[in-house]
Amino acid sequence: MLARTSRRLETTLLLSRQSLPRPARLVPRSYSTPSKPAQSPATATAAQPLPSHDYPPYLPPSAPSTSTANQFLRPFLQRTQSFTILPAPLPQDEHKNDPVFTDTVTQDKLAVMDACLHNLYSVPRAKTLFNRLREEKQNVLSTSVYNRIIASYLQIAAQEESNRTMWVIEAWEVYRAMVAGEEGIFPDHQTYALALNAWREFSDIPGGPAADYKTILSHITADGRKTSLLDIVAHPCIPTQEDAAEITKQLARIALERQDIETVNILAKAASIASGEGSLKIPEAVTALKRSTDQSGNVVSEVPFNIQNLRDHLAHVAYARQVLPDDMVARQRHLELSAYDMAAERLKFQSDKMNELGLDGRYQDKVLQEYMYSWHSKLSQRLAKEIKIIEQEESNKIFRNSSTELTPYLTLVAADRLSMITILEAMRLTGTGGISNGMKTTRAMVTIGKAVENEYKARLCKTHGIVLPSVTRPDETVFTEFGYSNLHQRRLAAARQMTAGDSWTAPWSQLTRAQVGGVLLECLMEIAEITRSAKDRKTGETVYDTQPAFYHGYEFVRGSKLGVIKVNTAVSERIAKDSVGGVVHPRLLPMLIPPRPWVGPNDGAYLFSKASLMRFKDSVEQQKYLEAAVRSGNIELVMEGLNVLGRTPWKINKQVFDVVIQIWNSGERVGKIPPAQYEEPEPELPAHDTDLSARAIWQGKHKLWQQNVANNHSDRCSVNYKIEIARVFADETIYFPHNVDFRGRAYPIPPHLNHMGDDLSRGLLRFAVAKPLGERGFRWLKIHLANLYGFDKADFDERVEWIHERIDEIKDSAHNPLGGNRWWMKADDPWQALAVCFELTEALESGDPLNYKSSLPVHQDGTCNGLQHYAAMGGDSQGAAQVNLAPVERPSDVYTFVGKKVERLIDEDAKNGNVHALALQGKITRKVVKQTVMTTVYGVTFVGARDQLHKQLSDRGDIPEELCWLSSAYLAKRVLACIGDTFVGAQSIQTWLNLCARLISKSISPERFDRRVTSATEEIVKREQARRQKAAIAKAKREGIALEDLETAEPVGRKFAVPMAKMKKEQMTSVIWTTALGLPIVQPYRKLARKQVMTNLQSVYISDPNVPSEVNTMKQASAFPPNFVHSLDATHMVLTAIECSSRNLTFAAVHDSYWTHACDIDQMSTIIRDTFINLHASDMLRRLSEEFKERYKGYRIPVMHLDSQSAMNKKLVAAGSRVKMSSEQAEKFKMLGNLVEVTEETSEQAEVVESDLAGVAGIAKKSSKGLPTATDLTKDILASLKEGEDAAASSASTAEEEAEASTGKARETQLQKEESLRYLVDKFVDVTELFPPLPEKGSFDVNDIRKSLYFFS
């Protein structure tokens, strides 16, 4: 009671104090009833005066925008930004000394320590690890780790009477070190709460705590971080209300004795607070049935395991609704934590049912779930024994896999739960990763280990009280310095509430996950058996055979030998063709309550299930940057934007759901709902087997048909998940927690049913809030239906008129969707169109359509949004007109424009008899080229374009399959050529971004450069000294004199050039930039480095994210333009979300498609334009260039990479880059060609750093064995250049060079080049000197976007 009420009071005071200018924010939002006509038409339209139509369709009657975005947002976006800057990761040979990025060995120590502390499994072992880390790796420890240690010491002291004094003293020693700050770790409110409770509990034992209440209070009051006493006495580590009251009383007495009135008042406030205080009536869906044949050849159908698993779990959601109807938090808790319990109960039920029926256990059609229950029973016992064996072995210092301890991890979760996790994950993974009837061994082990880790952490969260802080709506002042600071303080207050009861846990390394998963998977393979039967051909008797359900083997995949776990065909027949993402993670369903606000990198969203603020795949660098940005308060608006998206309430559209159920149960194909049986007939075998060409064509067609049958079943199961989730949540208000990818783009965390899904998912959802349409909303609802149907290239008035002409069809679709004309099925998005048909019909038939309360989302979509950002950045007037940035009378359609250009080229080729042009004539529609045009600005390659076009051509079905692939390659060339001619401005920006990324990824940080030079010098000096010593000994022996009588040689004290092979290891610099919202974007592309790990099953190779390798220069460069544009559209979306929320608009988004109520479209359209204009008014390219110059100042790039013959040099010269030098320098660097510009202005001349090549040359004259000569270094760098830039040359030029190299002239040329380049071998230049100038900006003014009717429409 004390803890909860104290935290609530503290946060309320904070919010009240910091929110005085905005009292309306604390008023709870009232929601109206959805989908009902307003009962009071007069009041419903009182604030909605009917506008005339003499103004642009997206603006309210008042002409200029009164948006506060112009007042606050533009200065905010143009402010001087604070960048998150961390040192680059160290190369592999020095990674263990990295002060920022934790190595795998240290991470494993932390994880073992965490496991040993859990349930006090082995506190002495944890103590040993902790003390070792304090000595060796202080930088990986934090206050939360120290607090966990103190809490565990005190817990074991309470249990072990014999060692109580020792553990209390140990705890007090850690506390004393924190108060003294001697280890760089300082106490927080939990530390002081633990100390106070320790004195209360152990003050009477001899040699107990070294400080009493008075001393601890002195520490608190002297703490410069001003730790709140309310937070301390309300912390959950003080177990009871009575204990907290007693501590508060004692502290107040001490404060009163000291006449500390402020402390007395705070404690008095804390003391006063402490004393004060049916079944679903929805039609059930026929499940996606898996068809097979029994022994007699009869077709039988079964419910796939994954579908049944989901349905059984969701049944408990409905059960929770009946048992816990009012406590939504309790229901959400039940939903997240019931997963594995429900699975075990279901399997037990299946087994009991089989026994009741008296079926033979060897019966060949035995239900799979019953098999699984028998596996579960055996595996639980087997794991319990195995864990004891491993524990005994490790106690004797016998480790199965290297020196990794497994017992601490395997004891975190009960054996029966480990069994269920292993079985369910193994079944889920079957058929994934391109392995038919099986799975990759490495993936299986890592996934099972990860599932165990997640279960442990979810169960740990269960033991802590869940606090849901009150959340307020942001207002326009968040874009001011005061408002942003206020947002930061409120987030910190919420973080203190939400994490008060949490204890520290350590992430597991990939190696640990693989080894834990290996033990569990091996045990499963040992006990999992099935019984199969067959008829004896001679006797006719039924013969039974017991076979393993899983077995280990190897397969060749893309030329590589991979270990795989194969599944018995009797098992795989049921599950092999389920979709890859087939099983809904039971903790990642929609939420029944608004998600917890994001307050940290891993704190937010679900109550118990840990979710990450950012989605990243094994990139420690991204994780560290995110944590640093959160600590420094740089990304408050990103987290607030995600909170806004997560707070949007949704409901299932029951009208659409009813139609979906009918079609689903009928088994026919409608929209994205696949048929129950694939409708295309199996290709017939050619009549003449001798025709090899015809047979090859048949084999291709048959393989494609088989793939289509499998895909149809996968799609059927995927839709089944959506329907089952919608069915159970049909009467609920649901929420979708969001997080971001590494570019800042927001995504719902629930993976299956969400508004970012396909047409069916979107059609099944509507806002939980309804608002009167009004005249403008009524108009926008009609436009929205026209857009969904595909009539979206006409002007707005024509779209409205088009709907008016089809009112009868719309009503027919609403009244009789399946028995009528089925007009809605012909729409581009049929399910969303049907939803609007229902809504529009109800509005029309309500008698007062303007007052009809609509809850349907209406969309505003960007026109090829990537090109819109490029046109705005570059001021490209031509591009702006093509993507509706510039005012136009009718909407432009860039896809149609490009499609027509391609058609003209194809017609010309067809006249010349080109077979592919003839096959494509008349078939190039807007839909065919749309994806390729859209993704070109995101860096799509020829291969990617070819694959996209091949899919589109295949879907048409009117091009022979044997021609489709080659025709798609032909078409890709034509489409890319037309795009290049159309968007010249966008390509110049792409080139600039690409070159900057190439330079950055080849650069070396100044610290690492100096360190590598020093290290190389020390190494060479050491070797030279050893050589001299050896020579001296030989000379002394030869001349018969004492060694000490020899003349002392001159000491080796010069610096030496570093071989390029070692410098290449220092290319660890990722391309990093900061969005306008402060989010650091780190590109994760590095060269793949795998590590061999020995497990119980096999030796596996896994990538270790804790050991970063050199960056992949080509990938860094090619991915930068699309990633940068994605970060822009993500920033635009978050800004729009915050602005909409501040004006009480319901908001949702799918990247560049923004949704709100129909009546609010005009207001949202104004916000969209304001935020876009203000974003680009800050000149994003200029700001990016300035950030690069600040972030990478002093980073050095080898001058050898800039040789005039290299591709890099030519591209830099073409882009306008110049290295300014004096005339003398220019003569020496003539190999750089036109990249050098002569200037006599000293301040403009580039600084060239070198590493004293003369020293190496001097030693080389003596031909010292093992020391690199200048020629060696030159050859080394030439080899690296050939390996890098020249790899991008065409195959024709490569063949020509190889032919030339075979001649004596080529060898002579090579020697001359080496001689010319020798001067450059040890030279480095600041990378910022090489950044190309920004592309020249065009004449387009982004402010003109306000006049564009179709910018977002």
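Above this note sits the structure.
Residues numbered from 1 in each chain as written. Predicted model: local features only at pLDDT ≥ 70, side-chain atom pairs only at ≥ 80, totals over all residues. Heavy atoms only, no water.

Caption draft 1: Seen up close, the sheet that holds strand E17 (residues 858-861). Taken in spatial order, the three strands line up as E17-E23-E22 in an open sheet, and their pairing is antiparallel. Whereas interior strands pair on both sides, the edge strands pair on one side only; in this sheet they are E17 and strand E22 (1148-1150). Averaged over all neighbouring strand pairs, the angle between strand axes comes to 25°, with direction disregarded. With three bridges connecting them, E22 and strand E23 (residues 1153-1156) associate as antiparallel partners. Residue pairing for E23: Val 1150 is matched across the bridge by Ser 1153. (Pairing = 2+ DSSP bridges. Helix = DSSP H or I, 4+ residues; strand = E, 2+ residues; numbered from the N terminus. Axes fitted to C-alpha atoms, helices over the stretch in contact; angles between N-to-C directions.)

Caption draft 2: Representation of helix H29 (residues 796-804) within the structure. Burial in H29 covers these residues: Phe 796, Arg 799, Val 800, Trp 802 and Ile 803. Axial view of H29: buried residues confined to an arc of 155°, hence all on one face. Where H29 is buried, its residues meet helix H28 (774-789), helix H30 (807-815) and helix H31 (830-845). (Buried < 20%, exposed > 50% of the residue type's maximum accessible area, 1.4 Å probe, protein only. Arc of directions from axis to C-beta. Contact = heavy atoms within 4.5 Å.)

Caption draft 3: Highlighting the sheet that holds strand E12 (residues 738-741). Taken in spatial order, the three strands line up as E10-E12-E13 in an open sheet, and their pairing is mixed. With partners counted over all chains shown, the strands left at the sheet margins are strand E10 (614-615) and strand E13 (746-748), one partner each. Examined bridge by bridge, E10 and E12 share two bridges and lie parallel to one another. The residue bridging Met 614 from the neighbouring strand is Val 740, located in E12.

Caption draft 4: Structural view of the packing of aromatic side chains. Per the counting criterion, the structure on display carries 29 aromatic pairs. Aromatic ring contacts, followed pair by pair, group Trp 1073, Phe 1120, Phe 1124, Phe 1188, Tyr 1192, Tyr 1195 and Phe 1331 into a single cluster. We note Arg 743 situated over the ring of Phe 742; from NZ or CZ to the ring centre the distance is 5.8 Å. Over the aromatic face of Phe 778 sits the side chain of Lys 782, whose NZ or CZ is 4.1 Å from the ring centroid. (Phe/Tyr/Trp six-rings, centres within 6.5 Å; stacked < 30°, edge-to-face > 60°. Lys NZ or Arg CZ within 6 Å of the ring centre and 35° of its normal.)

Caption draft 5: Looking closely at the nonpolar core. In this structure, Trp 831, Leu 885, Leu 971 and Phe 1188 are the most contacted members of the largest nonpolar core, which totals 202 residues. Counting residues in hydrophobic clusters, the runner-up holds 105 residues, among them Ile 205, Ala 415, Leu 418 and Ala 444. (Core = buried A, V, L, I, M, F, W, Y, C linked by side-chain atoms within 4.5 Å.)

Caption draft 6: Summary view of helix H7 (residues 164-180). An ideal rise of 1.5 Å per residue puts 24 Å on 17 residues; H7 measures up with 24 Å between its terminal C-alpha atoms. Residues of H7 that are buried include every one of Trp 167, Val 168, Glu 170, Ala 171, Trp 172, Val 174, Tyr 175, Ala 177 and Met 178, and no others. Along its buried surface, H7 packs onto helix H5 (123-136), helix H6 (143-159), helix H8 (189-202) and helix H9 (213-222). Positive phi shows up at Gly 181, right after H7, with a value of about 70°. (Expected span 1.5 Å × (residues − 1).)

Caption draft 7: Representation of unusual backbone geometry. Positive phi values are uncommon outside glycine, yet Arg 822 reaches one of about 55°. Mapping Arg 822 onto the fold places it in the loop between H30 and H31. The backbone of Asn 1144 sits at a positive phi, close to 65°, despite the residue not being glycine. By the element assignment, Asn 1144 lies in the loop between helix H42 (1113-1142) and E22. Residue Asn 1144 is classed as partly exposed on the basis of its relative accessible area, which comes to 37%.

Caption draft 8: Here's a closer look at the packing of H5 against H7. With their axes 13 Å apart at the nearest point, H5 and H7 run at an angle of 25° to one another. In terms of orientation, H5 and H7 fall into the roughly parallel class. Helix-helix and strand crossings are classified by hand; for H5 and H7 the assignment is left-handed. Contact residues: H5 offers Val 123, Pro 124, Lys 127, Phe 130 and Arg 134, while H7 offers Trp 167, Glu 170, Glu 173, Val 174 and Ala 177. Each residue belonging to the contact of H5 with H7 can be placed in one class, and the counts come to six nonpolar, no polar and four charged. (Parallel < 35°, antiparallel > 145°, perpendicular 65-115°, else oblique. Left-handed = near helix turned anticlockwise from the far one by under 90°. Nonpolar A, V, L, I, M, F, W, Y, C, P; charged D, E, K, R; others polar.)

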